[in-house]
Amino acid sequence: MTAPYEVLLYYKYSRIADPEAYAAEHRDLCKRLNLLGRILIAQEGINGTVSGTAESCAAYRAALDEDPVTAGIAWKIDPSEEHVFPRLSIKVRSEVVTLELGEEDFSPEDLTATHLKPEEWKEAMKEENVVMIDARNDYEWEIGRFENALLPDVPSFRDLPKWVRDHREELEGKKILTYCTGGIRCEKFSGFLLKEGFTDVYQLDGGIVTYGKSEEAKGEGFEGECYVFDERLSVPVNRTEGAKVVSSCVHCGTPSIRYRNCGWQPCNAQFLCCENCEESFGKFCAPICKEAATMCPAAVIGY
Ligand SMILES: [Zn+2]
Ligand SMILES: [Zn+2]
C-alpha cells in the first residue's frame, strides 16, 4: 500500500533573476497544492523541504521539472502518513545555504567537488589516507554520522570555514570526503575546500538521505539516524545488520535519539531525553530548569 503523504527534499543551484517575484509565484503554487514546509529562494537558486499528499507532491515535482529554472532536480522522496510541517514558510535570502563568504563568495555552478554516487562513496570511505568531514551542525551529527568522520564542533554552517582553517594540518595531503543531509551544503562546502587549495575533494551525491535509500549502499557505515528539519526529527539510514545508536539521554546515559525541547521557556534548549526520564523528570534539560519551572510555572511551555 502506498502512503497517503510524501515528504520532499530538494535543491537546485540555478539563476533566479527576481527572487521576490519568483517567491510570490511559488507561494501561490504551494498554497494551491496545500503543501507545508520550508523553502529558501535566492538569486543563486532554491532549497526546500515540503510535505503534502502524494498527489500534490507529484504535481509539485511536475511543475518544477517543467520549469527551465528548476528542471533536473534530484528529488528525495519519503513516504509519510501525514504532514510533517506545521506551516508553510517561503523566504527570500541572499544565499540558499548560509556560508557568508562575503567578498570570496562563489557559485557551486562554477566550482564544486566531484560527486560520488552512494556505491562509490561506500568504497571511498574504506580507502587509506581518507578523511571524511561531516558538513552539518553539531546537533545534527550528535544523533548520527558516518563512522570515523571528523565532526566539526560548530553550531552553524557559517562557522565551517574557520573550522577548516583551524584544522588545516589534519586535512593537508588527504583525500577529503564531505557529506551532509541532502547534498546542498556540500555543493558549497566542497567548492570552498577547493578554493582553500585542497585538491583531492569529493562530495556525497544526494547526501545521507540518498545514501540510505541506495540499494547498493543500504546506508552501510552510517551510525545512528539522520537529523531532519521537520517534525520527524530524524530518519533511519543504515539498513544493514548491526546499525547502532550513537547518542544518549542527557539524564541517564542510555542510548537515545529522542530530541526534546526544554519545557522551561527561557531555556528551550534542544536535548536528548529517553522516554523513562521524560516521564519521571519532566521535559527539562537540567535540574536547574526544572527548579526554575516550579518557581515560575507560567514560563513553562504547555502550562
Ligand atoms: Zn534517560
Ligand atoms: Zn533547560
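Bear in mind the structure is a predicted one, so any value in this text is a computation, not a measurement. Throughout, residues of each chain are indexed from 1 in the direction in which the sequence is written. Chains carry letters and ligands carry numbers; both start at the beginning, A for chains and 1 for ligands, and go up in the order they are written. The predicted origin of the model limits local features to residues at a pLDDT of at least 70 and limits the giving and counting of side-chain atom pairs to 80 or more, whereas totals for whole chains, interfaces and linings rest on all residues.

Caption draft 1: Here's a closer look at the nonpolar core. In these notes, a nonpolar core means any group of buried Ala, Val, Leu, Ile, Met, Phe, Trp, Tyr and Cys residues linked to one another through C-beta atoms within 7 Å. Every C-beta atom is placed from the backbone, and the number of other C-beta atoms within 10 Å of a residue's own sets its class: buried at 20 or more, exposed at 12 or fewer, partly exposed in between. Core analysis: the biggest nonpolar cluster contains 58 residues, and Ile41, Val96, Met132, Ala135, Tyr179, Ile208 and Tyr211 have the highest contact counts within it. For the domains described, the bounds stem from an automatic or database domain assignment. Shared between two domains, this core holds at least three residues of each, these being domain 1 (5-92) and domain 2 (102-235). Sequence-distant contacts of tyrosine 179, defined by excluding residues within four places in its chain, comprise Met132, Asp134, Ala135, Phe146, Cys186, Leu204, Gly207 and Ile208. Contact criterion: two residues are in contact if their C-beta atoms, reconstructed from the backbone, are within 7 Å.

Caption draft 2: Quick look at helix 1 (residues 19-32). Numbering of helices and strands runs from the N terminus, with a helix taken as a DSSP run of H or I at least four residues long and a strand as a DSSP run of E at least two residues long. By this rule the span expected of a helix is its residue count minus one, scaled by 1.5 Å. With 14 residues, helix 1 extends 20 Å from end C-alpha to end C-alpha; this agrees with the ideal 20 Å at 1.5 Å per step. For helix 1, the set of buried residues is Pro19, Tyr22, Ala23, His26 and Cys30. The buried residues of helix 1 all sit within an arc of 95° when viewed along its axis, so they share a single face. Set apart from the buried face of helix 1 by more than 90 degrees, the exposed residues are Glu20, Ala21, Glu25, Asp28, Lys31 and Arg32. In this description, one arc is meant: the one made by directions from the helix axis to the C-beta atoms.

Caption draft 3: Molecular detail of the sheet that holds strand 7 (residues 130-134). Here a strand pair is declared whenever DSSP counts at least two bridges between the two strands. An order of 6-10-9-7 is seen for the 4 strands of this open sheet, with the pairing classed as parallel. Two strands bound the open sheet, and with one partner strand each, they are strand 6 (114-116) and strand 7. Direction aside, the axes of adjacent strands within the sheet are offset by 30° on average. Taken together, the 5 bridges between strand 7 and strand 9 (residues 175-179) define a ladder with parallel strand orientation. Across the sheet, residue methionine 132 finds its bridge partner in strand 9, namely leucine 177. For every element, the axis is a line fit to its C-alpha atoms; helices are fit only across the contacting stretch, and the angle between N-to-C directions ranges from 0 to 180 degrees. Along the sheet, helix 7 (residues 184-195) makes contact with strand 9 and strand 10 (201-204), crossing strand 10 at roughly 175°.

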